[in-house]
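# Breakdown of the fold
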Amino acid sequence: MIRFRIAVLFSVLTGLSLVLFMSLIYFYTRIDKEDEFYQELMVRAGIVGQYRLEKDEVAAEIYSEIIETHLVKLPEEREYVIPLGHARYALDSGLLSPEILSETVLEGNLTYRDGPEQWASLLYEDNQGDFIILISAIDKESIGELAALKRNMGLGLAFTLLVQFAVGWAFAKSITYPLTKMSGQLKSITATDLSHRVKVQNTQDELGHLADTLNSMLGRLEKGFEVQRKFIASASHELRTPLTVIMGESEIVLRQERDKKKYIQVITKIQKEGENLSSILHDLMQLTAVSSGLLQFHKERINLADVILDVQSQMFHFAGRKDLIIINYDQGAEIPWITGQQRWIALALSNVLRNAMKYSGFKETVLLNVKLAQGNELLLEIIDRGIGIPADEISAIPAPFYRARNAGTLGGRGIGLSIVDEIVKLHGGSMYIRSELNKGTTVYISLPLAP
Ligand code: ADP
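Keep in mind it's a predicted model, so treat the numbers as computed, not measured. (Residues numbered from 1 in each chain as written. Predicted model: local features only at pLDDT ≥ 70, side-chain atom pairs only at ≥ 80, totals over all residues. Heavy atoms only, no water.)

## Some details on helix H5 (residues 140-187)
- Helix length check: H5 (48 residues) gives 67 Å between terminal C-alpha atoms against 70 Å at 1.5 Å per residue, within 8%.
- Along H5, the sharpest change in direction is near 45° and occurs at Thr 176; proline Pro 178 comes one to four residues later.
- Of the positions making up H5, those classed as buried are Ser 142, Leu 146, Met 153, Leu 157, Gln 164, Gly 168, Ala 172, Thr 176 and Met 182.
- Against the buried residues of H5 lie helix H1 (2-53) and helix H6 (206-254). (Helix = DSSP H or I, 4+ residues; strand = E, 2+ residues; numbered from the N terminus. Expected span 1.5 Å × (residues − 1). Bend = angle between axes of the 7 residues up to and from the residue. Buried < 20%, exposed > 50% of the residue type's maximum accessible area, 1.4 Å probe, protein only. Contact = heavy atoms within 4.5 Å.)

Below is the structure:
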């Protein structure tokens, strides 16, 4: 859970910096306390020396004052006054080590620690000879103070961590709240109802951008589902019509015995509808193959002039051996090369040209202009002077099965231009239609030129 993780992260970060900070405080406090205690031990070593070795030489009242003010015993205090001449005994008994002895003699004094005990050793020079004064004690007061400091810091740390966790939790909640809300909204969106959109309060921040992205994705999905739904509805409708005829005719003819002429008439009708069915299926398969792009799409270099020549001869036969197509190459566009699949490009071009001739009743000529646009694009203009398309229907034309209301009895299924649209998109180009009712139609196809 993201909230928990943010809260823990908050606490861990604060905890780590606090532990570091507190450790430094503890460490330096401890060093200070130790140094203070060593100083005190050293002062006491000096006094012990004077007290033990020089009381015969100084006034008695001064000594009693010294004893009163300074020689109240420290916790676990031990003092040793060792004549340097007898240092060997101290070494033998383990009271002194050779290192401590030599360091003290060399430096005049030395402080060191042995477990909880702190030690001070001082070289004392007296008229009776040289002495080593050793004094040790345990700084119980500092030990107590340090323990209290540790305990208080621990408590403070625990309390701060708790507060930090609570603050982190609240902070995480405020951050994740819009996300939780968004996911709640998304849950109510299903494939059957994609009309809902995600709402956020601040549209300018990252979450606003995320909501925008999700909403535009939902928009595309909704559109896609809608297209698919319409496609399935239209396809089933298209298939149902010939099937109904076939089933109806065969049912009627089978009701009673008929003469040969009737049988021939009905079977001919069934055959025609069968052919119709097969051609619908062929169109549908072609459309799905192109639009799914699944067809092995081997890109090859295509010379468009060759394709046009091929298609032109096809159209000659389609128009009943009439040459209705006039081809016009712009300067510089004589041999345009594009990359893609030749048979798809030929299919797209022939679909558009077929329409142009069909919707001008095979009476008018059709103009095919080949142009270069912006240096790296090829533009094909297919211009006819046919029945045109009503202005409000132009944008719907590339949708599968869509036929304009004036297409009327002129044969067709509304699939040809959908295939063209898909093929052009598959080749990285675009299609655009401009038309005026009863005046004519121009279909523009732009395709990227081969590098
Ligand atoms: P079909 O021609 O088989 O109906 P298309 O997909 O090729 O299918 O065209 C879809 C519709 O667009 C046609 O039914 C027709 O209404 C309109 N259309 C296409 N091309 C032209 C054109 N050149 N002139 C007039 N209408 C056209």
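## Concerning the packing of helix H7 (residues 260-292) against helix H10 (residues 416-426)
- At their nearest, the axes of H7 and H10 sit 9 Å apart, and the two run at 20° to each other. With respect to H10, the axis of H7 lies roughly parallel. Read as a crossing pair, H7 and H10 show a hand that is left-handed. Each of Asp 283, Gln 286, Leu 287, Val 290 and Ser 291 in H7 lies in contact with H10, whose residues at this interface are Ser 418, Ile 419, Glu 422, Ile 423 and Leu 426.
- Looking at side-chain class alone, the contact of H7 with H10 contains 5 nonpolar, 3 polar and 2 charged residues. (Axes fitted to C-alpha atoms, helices over the stretch in contact; angles between N-to-C directions. Parallel < 35°, antiparallel > 145°, perpendicular 65-115°, else oblique. Left-handed = near helix turned anticlockwise from the far one by under 90°. Nonpolar A, V, L, I, M, F, W, Y, C, P; charged D, E, K, R; others polar.)

## Considerations on the pattern of salt bridges
- Counted by the stated rule, this structure contains 16 salt bridges.
- Here Arg 255 makes a salt bridge to Glu 251, at a shortest N to O gap of 3.7 Å.
- Residue classification places Arg 255 among the exposed positions, given a relative accessible area of 62%.
- The exposure class assigned to Glu 251 is partly exposed, which follows from its relative accessible area of 48%. (Salt bridge = Lys/Arg side-chain N within 4 Å of Asp/Glu carboxyl O.)

## So, the site of the ligand
- Within the structure, the ligand sits among 19 residues, and Asn 355, Tyr 359, Asp 384, Arg 403 and Leu 417 are positioned closest to it.
- The side chain of Lys 358 places a nitrogen or oxygen atom 3.1 Å from an oxygen atom of the ligand.
- Its free accessible area being 530 Å², the ligand has 96% of it covered by the protein chains.
- Elements that contribute at least two residues to the shell around the ligand include exactly helix H9 (342-358) and H10.
- Per-element tally for the shell around the ligand: the top contributor is H9, with 3 residues.
- Looking at the shell around the ligand residue by residue, the class counts come to 9 nonpolar, 6 polar and 4 charged. (Near = heavy atom within 4 Å. Polar contact = N/O pair within 3.5 Å; in protein donor to acceptor, adjacent residues only side chain to side chain. Areas by Shrake-Rupley, 256 points an atom, 1.4 Å probe, with all protein chains shown as cover.)

## With respect to the confidence of the model for the protein
- When the pLDDT values of the protein are averaged, the result is 89; 95% of them are 70 or greater.
- Model confidence for the protein, summarised as mean pLDDT per element, is weakest for helix H2 (residues 60-70) at 66 and strongest for strand S10 (residues 430-436) at 97. (pLDDT = per-residue confidence, 0-100.)

## Describing the pairing of strand S9 (residues 377-384)
- Note that strand S8 (residues 366-373) and S9 share 7 bridges and pair antiparallel. Of the residues in S9, the one forming a bridge with Asn 369 is Glu 381.
- The hairpin turn running from S8 into S9, its antiparallel successor, is 3 residues long, and Gln 374 in that turn takes a positive phi close to 50°. (Pairing = 2+ DSSP bridges.)

## Looking at the environment of Met 285
- Within the fold, Met 285 resides in helix H7.
- The class for Met 285 is exposed, based on a relative accessible area of 58%.
- With 115 residues separating them in the primary sequence, Met 285 and Pro 400 have C-alpha atoms 12 Å apart.

## Quick notes on the sheet that holds strand S1 (residues 78-83)
- Reading across the sheet, the 4 strands line up as S1-S4-S3-S2 and stay open at both edges, with antiparallel pairing between neighbours. Strand pairing shows two members of the sheet lacking a second neighbour, S1 and strand S2 (109-114), which therefore form its edges. Within this sheet the neighbouring strands show an average axis-to-axis angle of 20°, counted without direction.
- Relative to strand S3 (residues 117-126), H1 is tilted by about 35°, and along the sheet it contacts S1, S2, S3 and strand S4 (129-138).

## A short note on the nonpolar core
- Counting 50 residues, the largest nonpolar core has Ile 338, Leu 353, Leu 380, Ile 382, Val 420, Ile 433 and Ile 445 as its most contacted members.
- Here this core takes 10 residues from H9, the largest share from any one element.
- Once you skip the residues sitting within four places of it in the chain, Val 420 turns out to touch Ala 348, Asn 351, Val 352, Met 431 and Ile 445.
- Of all hydrophobic cores here, the second largest spans 15 residues; its members include Tyr 38, Val 48, Phe 131 and Ala 137. (Core = buried A, V, L, I, M, F, W, Y, C linked by side-chain atoms within 4.5 Å.)

## Section: the sheet that holds S10
- A sheet is described by the order of its strands in space; here 5 strands give the open sequence S6-S8-S9-S11-S10, paired in mixed fashion. Each edge of the open sheet is held by one strand with a lone partner, namely strand S6 (325-329) and S10. In this sheet, adjacent strand axes meet at a mean angle of 15° when their direction is disregarded.
- Across 8 bridges, S9 lies against strand S11 (residues 440-448) in antiparallel orientation. Residue pairing for S11: Glu 377 is matched across the bridge by Pro 448.
- Of the strands in this sheet, S6, S8 and S9 touch helix H8 (residues 304-318), which is tilted by about 170° from S6.
- Sheet contacts for H10: S10 and S11; angle to S10, the most-contacted strand, approximately 140°.

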